[in-house]
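The primary structure of each chain is shown beneath.
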Amino acid sequence: MAGSSIGECFRVSTFGESHGPAIGCIVDGCPPGMALNEADIQIELDRRRPGQSRHTTQRQEADQIEILSGVFEGLTTGTPIGLLIRNTDQRSQDYGKIKDLFRPGHADYTYLQKYGRRDYRGGGRSSARETATRVAAGAVARKFLREHLGVNIQAWMAQMGPLHAETFDAAEISRNDFFCPDAQAALRMADFLDALRKEGDSIGARIDARVTGMPVGLGEPVFDRLEADIAKAMMSINAAKAVAMGDGFAVVEQRGSYHGDAITPTGFQSNHAGGVLGGISSGQDLTLSVAIKPTSSIRIPRQSIDVHGQPAEVITTGRHDPCVGIRAVPIVEAMLALVIMDHWMRHRAQNADVQAPLPPIPA
């Protein structure tokens, strides 16, 4: 299927469907000599894995990673890395009664119009199940960026519906079921989702992310701007509906005297741009937000049509996340890692010998 790859120098191609025997990916372009084993990848997959709390889908997938190629004696070889995750808890029968219906908010209608046929079992290729492969590939990129460049990537749940994280404690992100940096907000989110689940409804979320230790010079000034490739990567996440870099939509009300990040010999005085200037990384922290839509699979009846164009009522049963934003947090981190890794390799290929007349200033 076209459109299943991302990146140029560090290129990832994914394969598989939600209810097929397995999903997986090929990571091509990873530099040789990096220590890599299944545990390095599994730790990231476990953060995304379904069924870990009552607030996510109860599909019980171990998401056990298998490295098929590209690693020898514990080190990457520079050849394509094959990664495989076997599906072990499919319940295709959950979708039998809606196989001829178009679920509102899903890709059922557009998928059929494009290909003339569709895999109705959980959405097939358009299912968020595919994102597990991105997290696996992102773990490879993330390990290299952290160990070789000192780049660290962290995302968190900043908002769920009307509930906002009002404080920020980075250590708290890994302590609750919501990847939320505010412990009290996480408790409110739990109560909110409990009530929402009883109603059979779902809710959207906002994921914020920050990348520290960014190199200067990643990205291009026109079509391959760093923020453009990041925006494309974020919008490729199934439920993403908007991406904001830096101050995002707040720039509409800002004046140039405020928004322009002043520079002094000791460093930047602010970071409204979010770490990218003219499409190229400034070395400041990369900051962004991603809006995640409410889960389309809900138990509340909705109007639709069937494959014959006749009116129908759709009720989606089965195992679904009441807020897909929760498990989107590690996916956002993975996609950031893939884009940054690819741009670092592209920068190294073209500009490794460039000597700027001015050393990088502090971020």
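All values derive from a computational prediction rather than experimental measurement.

J.: Quick rundown of the nonpolar core? Include the residues and the values.
T.: Membership of the largest hydrophobic core comes to 78 residues, with the highest contact counts inside it found for Phe 10, Ile 41, Leu 83, Leu 286 and Leu 336. For this core, the leading source of residues is helix α7 (residues 325-351), giving 15 residues. Aside from chain neighbours lying at most four places away, what touches Phe 10 is Val 27, Asp 28, Gly 29, Cys 30, Val 140, Ala 141, Leu 338, Met 341, Asp 342 and Met 345.

J.: Lay out the sheet that holds strand β9 (residues 163-164) in plain terms, naming residues and giving numbers.
T.: With antiparallel pairing, five strands are arranged side by side in an open sheet as β9-β8-β10-β16-β11. Here the strands that pair on one side only, and so sit at the sheet edges, are β9 and β11 (240-245). As paired strands, strand β10 (residues 205-212) and strand β16 (residues 286-292) are joined by seven bridges and run antiparallel to one another. Across the sheet, Asp 208 pairs through a bridge with Ser 289, a residue of β16. Helix α5 (residues 226-235) rests against β11 and β16 of the sheet, and its axis sits at about 155 degrees to β11.

J.: Mind laying out the packing of aromatic side chains, listing which residues take part and the relevant values?
T.: Following the criterion strictly, the structure yields four aromatic pairs and no others. Between Trp 156 and Phe 168, the ring centres sit 4.8 Å apart and the planes meet at 70 degrees, which makes this aromatic pair edge-to-face. Highlighted residues: Trp 156 in strand β8 (residues 152-160) and Phe 168 in the loop between β9 and α4 (183-199), separated in sequence by 12 residues. Under the relative-accessibility criterion, Phe 168 is labelled partly exposed at 41%. Here Lys 114 stacks its cationic end above the ring of Tyr 115, 5.5 Å away from the centre of that ring. The ring centre of Phe 168 lies 5.6 Å from the NZ or CZ of Arg 210, which sits over that ring.

About the cut-offs
- What you see as residue numbers is a count from 1 along each chain, following the sequence as written.
- Reporting of local features is limited, given that this is a predicted model, to residues whose pLDDT is at least 70; pairs of side-chain atoms are given and counted only at 80 or more, and all residues count toward the totals for whole chains, interfaces and linings.
- With hydrogens and water set aside, each side-chain value is computed from the structure's full complement of heavy atoms.
- Put simply, buried Ala, Val, Leu, Ile, Met, Phe, Trp, Tyr and Cys residues joined by side-chain atoms within 4.5 Å make one nonpolar core.
- For each residue, the accessible area found with a 1.4 Å probe, counting protein chains only, is set against the maximum for its type, and the residue is called buried under 20%, exposed over 50%, and partly exposed in between.
- Each helix is a run of DSSP H or I of at least 4 residues and each strand a run of E of at least 2, with the numbering of both proceeding from the N terminus.
- Contacts: residue pairs with any heavy atoms within 4.5 Å of one another.
- Two strands make a pair as long as DSSP finds a minimum of two bridges between them.
- Each axis is a line fitted through C-alpha atoms, and for a helix only the stretch in contact is used; angles between axes span 0 to 180 degrees, taken between their N-to-C directions.
- Each Phe, Tyr or Trp ring (for Trp, its six-membered ring) is paired with any other whose centre lies within 6.5 Å, and the angle between the two planes then decides the class: stacked below 30 degrees, edge-to-face above 60, tilted in between.
- In our convention, an over-ring charge means Lys NZ or Arg CZ found within 6 Å of a ring centre and within 35 degrees of that ring's normal.

Remember that the coordinates give geometry; whether it matters functionally is a separate question.
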